[in-house]
Amino acid sequence: MILLATCSFCNRDAVYVRRYSGERLCVGCFIRSIEKKVRRTVSRFTMFRPDEHIAVALSGGKDSVSLLHVLGTIEDAFPHASVSAILIDEGVAGYRREAIEVAEESCTQLGIPLHIYSFSDLYGRSLDEIADASKGRGGLSVCSYCGVLRRKALNVAAKDLHASKLALAHNLDDEAQSMMLSLLRGDLVGLARVRPVLEKAEGFVQRVKPFCEILETEIAFYAQVTGVRFQHRPCPYKETSMRSDVRRFITLLEDKHPGMTYGLYHSLRKIQANLEGLDAKEGLQLCQICGEPSSGTICRACQSLHDLGLTTAPST
Ligand SMILES: [Zn+2]
Ligand SMILES: [Zn+2]
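Bear in mind the structure is a predicted one, so any value in this text is a computation, not a measurement. (Residues numbered from 1 in each chain as written. Chains lettered and ligands numbered in written order. Predicted model: local features only at pLDDT ≥ 70, side-chain atom pairs only at ≥ 80, totals over all residues. Heavy atoms only, no water.)

On to the coordination of the zinc ion (ligand 2). Around the zinc ion (ligand 2), the protein supplies Cys287 (SG), Cys290 (SG), Cys299 (SG) and Cys302 (SG) as donor atoms, at distances of 2.3 Å. Bound by four donor atoms, the zinc ion (ligand 2) shows angles of 104 to 115° at the metal and therefore tetrahedral coordination geometry. Between consecutive donors of the zinc ion (ligand 2), the numbers of intervening residues give the motif C-x2-C-x8-C-x2-C. Separated by 12 residues along the polypeptide, cysteine 290 in the loop between strand S8 (285-286) and strand S9 (293-294) and cysteine 302 in helix H12 (residues 300-307) bring together distant segments of the chain. You'll find cysteine 290 and cysteine 302 in the same group, each marked buried. (Donors = N, O, S within 2.8 Å, 3.2 Å for Na, K, Ca; no water. Tetrahedral: all angles 85-135°; square planar, octahedral: opposite > 155°, others 65-115°. Helix = DSSP H or I, 4+ residues; strand = E, 2+ residues; numbered from the N terminus. Buried < 20%, exposed > 50% of the residue type's maximum accessible area, 1.4 Å probe, protein only.)

See the structure below:
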């Protein structure tokens, strides 16, 4: 760690320069600043009530493990709230094992119960089997199938645990990228739907994003200085997509012009304000196969498995 003179808030040695504000922070002040920012986001968007049961979607990566730690810390101030963690084991040989170990370690350390749900149990197929079935079909990428199946799995798991909120670790960069992608694709409904608190809808556990105003680099530094253990290796199915190009573009601009990501994020949020109502999930029905909420008669998860010639296991 390089020492950078004195902390702007106390007399300790600074270890981090917040380039967009010019603040120099010591380890303690940096950690407190992140936790304070999350508290502020949580209260500004009224993400949680004091008696909430919050399920954290834990992947084992730096963002979700850090979120678990921050929420575990904030929870101490709310004796009637509870936090649990959900890990979706997609079934990727040689990859998920490490994430499960990381998740178990963090949950034990924080005294948070960990619940693991697998694609094999929920869908009767692992992601490896789904990847094999998708070969040469010219349909969606493995990553896209996984995204659809993970989203449903998290909702099924959160309902199974009677959670009242599902906390996702999407950070400021993720949110700016998602909005930018929708904008570039001319998808205003998609743009309207990227929100800190997702629209309430029947059959869905409401999703919230307490990290939506924190830069990815700051979460990475938080994980480093708090000693949080996380999985570094990306999923072997991770693809280079249009999102990667948008990510590179925003990272380049942020590097040259610190604070630009905040600027972009807040401008897009202002545009969203004029799209009020577009994000409403109207016309939701129950999937005829699994009973989960769906915009059509069959949900996207069941449709994907059907398209691949894979039957679904009956859902609980
Ligand atoms: Zn300090
Ligand atoms: Zn379905």
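Scanning the model with the defined rule gives 18 salt bridges in all. Lysine 159 is paired through a salt bridge with glutamate 292; the nearest N and O atoms lie 2.8 Å apart. With a gap of 133 residues between them, lysine 159 in helix H6 (residues 142-160) and glutamate 292 in the loop between S8 and S9 connect regions that are remote in the sequence. Here lysine 159 falls in the partly exposed class, since its relative accessible area comes to 31%. Residue glutamate 292 is classed as buried on the basis of its relative accessible area of 8%. Its salt-bridge partner being aspartate 245, residue arginine 248 comes within 2.5 Å of it at the nearest N-O pair. (Salt bridge = Lys/Arg side-chain N within 4 Å of Asp/Glu carboxyl O.)

With that settled, consider the nonpolar core. Judged by nonpolar contacts, the single largest core of 43 residues is most densely connected at Phe30, Val56, Leu68, Leu71 and Phe211. At the level of secondary structure, the elements contributing two or more residues to this core comprise helix H1 (27-44), strand S3 (53-57), helix H2 (62-75), strand S4 (82-89), helix H3 (96-110) and helix H9 (216-226). Once residues lying within four places of it in the same chain are set aside, the contact partners of valine 56 are Ser64, Leu67, Leu68, Leu71, Val83, Ser84, Ala85, Ile86 and Ala167. (Core = buried A, V, L, I, M, F, W, Y, C linked by side-chain atoms within 4.5 Å. Contact = heavy atoms within 4.5 Å.)

Once that is clear, we can look at the pairing of S4. S4 sits mainly inside the fold: seven of its eight residues count as buried. The sheet contact formed by S3 and S4 spans five bridges and is parallel. What sits directly across from isoleucine 54, in S4, is valine 83. Where the polypeptide runs from S3 across H2 and back to S4, its parallel neighbour, the crossover connection is right-handed. Pairing of S4 with strand S5 (residues 114-118) involves five bridges; the strand directions are parallel. Looking at S5, one finds that leucine 87 is bridged to isoleucine 116. Handedness of the crossover is the feature at issue here: the chain leaves S4, passes through H3, returns alongside S5, and the resulting connection is right-handed. (Pairing = 2+ DSSP bridges. Right-handed = clockwise from strand over helix to strand, strands pointing away.)

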